[in-house]
Each structure stands twice: as C-alpha cells, then as structure tokens.
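Structural overview for review
The lines below spell out each chain.
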Amino acid sequence: MATLVPLSAIDSTLVEQLLDAAFGNDRHARTAYRMRLGVEPLDALSFAALDDEDYLAGSIQLWPVALTDPKGRAHPMLMVGPVAVMPGRQGEGFGKALMMASLGAVDAGFDHGAAPLPQVMIGDPNYYARWGFVSDHTGDWHCPGPFERHRLLVRSANPAVLPTHGMLGPWHSPLAN
Ligand SMILES: CC(C)(COP(=O)(O)OP(=O)(O)OC[C@H]1O[C@@H](n2cnc3c(N)ncnc32)[C@H](O)[C@@H]1OP(=O)(O)O)[C@@H](O)C(=O)NCCC(=O)NCCS
C-alpha cells in the first residue's frame, strides 16, 4: 500500500532518477517540459508515493501554467505531470494513489480560490479519463513543441468557460511556493 508524502520531503536526486527510469534520459526535450519552463512545481499539489519499505515508487508534480488566448489574455491552469511510477512497480495502484492525492488537493481548493483552476496534461486518454480528463475542449489549443493532439487533455469543473483557442506556456503565478 502506498504512503503519500509531500514531494518536497524527498531527495531531488532520487526523484530525478525515478523520472529517468520512467521516461528516459531524453525526457527534458519533451514538449511538456517546455510548457512549464522556468517555473517550479507547486509544493501543495506534488507528492511522492513510498512503498511498504519506504522506497520511492512514484511521483507526481503539478505546475502553474497558462493558456494565452488570441487577445493575449492569460488563463491560469494547473499542469499535471509527470506522473511516474518506477518500472517494475507499475500496475500496483501507485499511479492512482498519486492522482487522487493531487486532484483531491486541487478540488479541496488548495489555493483558496473560488473554483479550482482547470487542470491540463499531455497523457494517455484511456488512463486519465477515469478522473475526467478529456481532449474534447483542446482541439484549438497549442503547445510550444510537437504533441499528439488526442493526448492533450483537460479536466475542468466548468468546461463551458474554457477558452477555445490559445497557447500553453509557463505562468509565473502568485500560487508559487
Ligand atoms: C501511467 C502510470 C503513471 C500509471 O501508474 P500505475 O501505478 O502503473 O497505475 P495504477 O496501478 O495506479 O493503475 C492501474 C490501472 O490503470 C490501468 N492502466 C494503466 N496504464 C494504462 C493505460 N496506459 N491505459 C489505460 N489504462 C491503464 C490499469 O489497467 C489499471 O486499471 P484498473 O484500476 O481498472 O485495474 C505508470 O504506469 C507510469 O509511470 N508509466 C510510465 C510513465 C508515463 O507514461 N506516465 C504518464 C504520462 S505523464
């Protein structure tokens, strides 16, 4: 069973090793990294999953990003990911536990905002649909690099107010730690 702790409590070298193992050493070139270039993960929403022997089994990070619409208005969002579970430990429930921890904190209003910010990610729609992530509203959203359109997903309590067009990028936000 997973024990969840704030990611900031874990040695960052161990987290980097986990991410290399899950995504490969070339992961920094991914578009997802460019979307949040220069911002730090949000401490209150980022977690580590430890196994029964307190070894690091998985991690999740959330970041402040924004979708900038064609009029130049920035719409703040939370970027989910990377979600990483150590190869060899996948399929044991760590990923689900991490997602529930972060999304639970978002839904509980971690930033004391009126409504949770929309959450965006590049990920497998078959896996992330269970939490309400869909590609339905992202058809005219752009990213700073190549991506597979069906993998650009958003979760929002009120999809009707999502901008229809825009470019995703880092947001130097007042939410920062
Ligand atoms: C994707 C990942 C985070 C899932 O974590 P995990 O701990 O292996 O998954 P869990 O054990 O929590 O969840 C297992 C459930 O998800 C399902 N599942 C796992 N990967 C899936 C996928 N790609 N598509 C659909 N369902 C998937 C399993 O069938 C299982 O379903 P069930 O609950 O109905 O039995 C993990 O496998 C991983 O790190 N993969 C490599 C990195 C990656 O691709 N990260 C995601 C992009 S940010």
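What you are looking at is a predicted structure, and each value in this text was computed from that prediction instead of being measured.

Helices and strands together make up the secondary structure of the protein chain, namely 4 helices and 8 strands. Reading the helices (α) and strands (β) of the protein chain from amino to carboxyl end gives β-α-α-β-β-β-α-β-α-β-β-β. For the protein chain, the spread of C-alpha atoms along the principal axes amounts to about 50 × 35 × 30 Å. Looking at the 177 residues of the protein chain, the share that counts as buried comes to 43%. Sequence-distant contacts in the protein chain: of pairs separated by 6 or more residues, those separated by 24 or more amount to 67%. For the protein chain, the exposed surface amounts to about 9000 Å²; the carbon and sulfur share of it is 54%. Computed over 12 positive and 18 negative side-chain charges, the separation of the two mean positions in the protein chain equals 9 Å.

As judged from the 2 bridges shared by strand β4 (residues 74-85) and strand β5 (residues 119-122), these two strands associate in the parallel manner. Bridge pairing in β5 links M79 to V120. Note: β5 against strand β7 (residues 152-155), 4 bridges, orientation antiparallel. In the sheet register, M121 faces β7, and the bridge partner there is L153.

Across a regular strand the side chains alternate sides, sitting on one face of the sheet and then on the other. Counting buried positions over the 12 residues of β4 gives 9, a clear majority of the element. As judged from the 10 bridges shared by strand β3 (residues 56-68) and β4, these two strands associate in the antiparallel manner. Counterpart to L62 in the pairing with β4 is V80. Here β3 folds back onto β4, and the loop between the two strands holds 5 residues, one of which, G72, carries a positive phi near 90 degrees.

So, on to the site of the ligand. The full set close to the ligand counts 16 residues, and V85, G93, G95, K96 and D124 are the nearest of them. In the model, an oxygen atom of the ligand is placed 2.8 Å from a nitrogen or oxygen of the G91 main chain. When isolated, the ligand has an accessible area of 920 Å², and the protein chains bury 66% of it. When residues of the shell around the ligand are traced back to their parent elements, those giving at least two are β4, α3 (94-107) and α4 (125-128). Of the residues belonging to the shell around the ligand, the class tally is 7 nonpolar, 5 polar and 4 charged.

A word on the nonpolar core. The tendency in soluble globular proteins is for nonpolar side chains to be buried as a group. Of all hydrophobic cores here, the largest spans 27 residues; its most connected members are I60, L78, V80, M99, Y128 and F133. For this core, the elements supplying multiple residues, two or more each, are β2 (47-50), β3, β4 and α3. Sort the elements by how many residues they give to this core and α3 lands first, with 7 residues. With residues up to four places along the chain from it excluded, the contact list for Y128 reads V83, M99, M121, G123, F133 and L153. V39, M79, C143 and L152 belong to the second-largest nonpolar core, a separate cluster that totals 14 residues.

Counting across every chain of the model gives 7 salt bridges. A salt bridge links D107 to R155; its shortest N-O distance comes to 2.8 Å. You can see D107 sitting in helix α3 and its partner R155 sitting in strand β7, a full 48 residues away along the chain. Judged by relative accessible area, which is 16%, R155 ranks as buried. Three or more residues are tied together by salt bridges with common partners; here these are E16, D20 and R27.

Thresholds applied
Residues numbered from 1 in each chain as written. Predicted model: local features only at pLDDT ≥ 70, side-chain atom pairs only at ≥ 80, totals over all residues. Heavy atoms only, no water. Helix = DSSP H or I, 4+ residues; strand = E, 2+ residues; numbered from the N terminus. Buried < 20%, exposed > 50% of the residue type's maximum accessible area, 1.4 Å probe, protein only. Contact = heavy atoms within 4.5 Å. Areas by Shrake-Rupley, 256 points an atom, 1.4 Å probe, with all protein chains shown as cover. Lys, Arg positive; Asp, Glu negative; His and termini not counted. Charge placed at Lys NZ, Arg CZ, Asp CG, Glu CD. Pairing = 2+ DSSP bridges. Near = heavy atom within 4 Å. Polar contact = N/O pair within 3.5 Å; in protein donor to acceptor, adjacent residues only side chain to side chain. Nonpolar A, V, L, I, M, F, W, Y, C, P; charged D, E, K, R; others polar. Core = buried A, V, L, I, M, F, W, Y, C linked by side-chain atoms within 4.5 Å. Salt bridge = Lys/Arg side-chain N within 4 Å of Asp/Glu carboxyl O.

In short, the description is geometric, and any link to function would need to be established separately.
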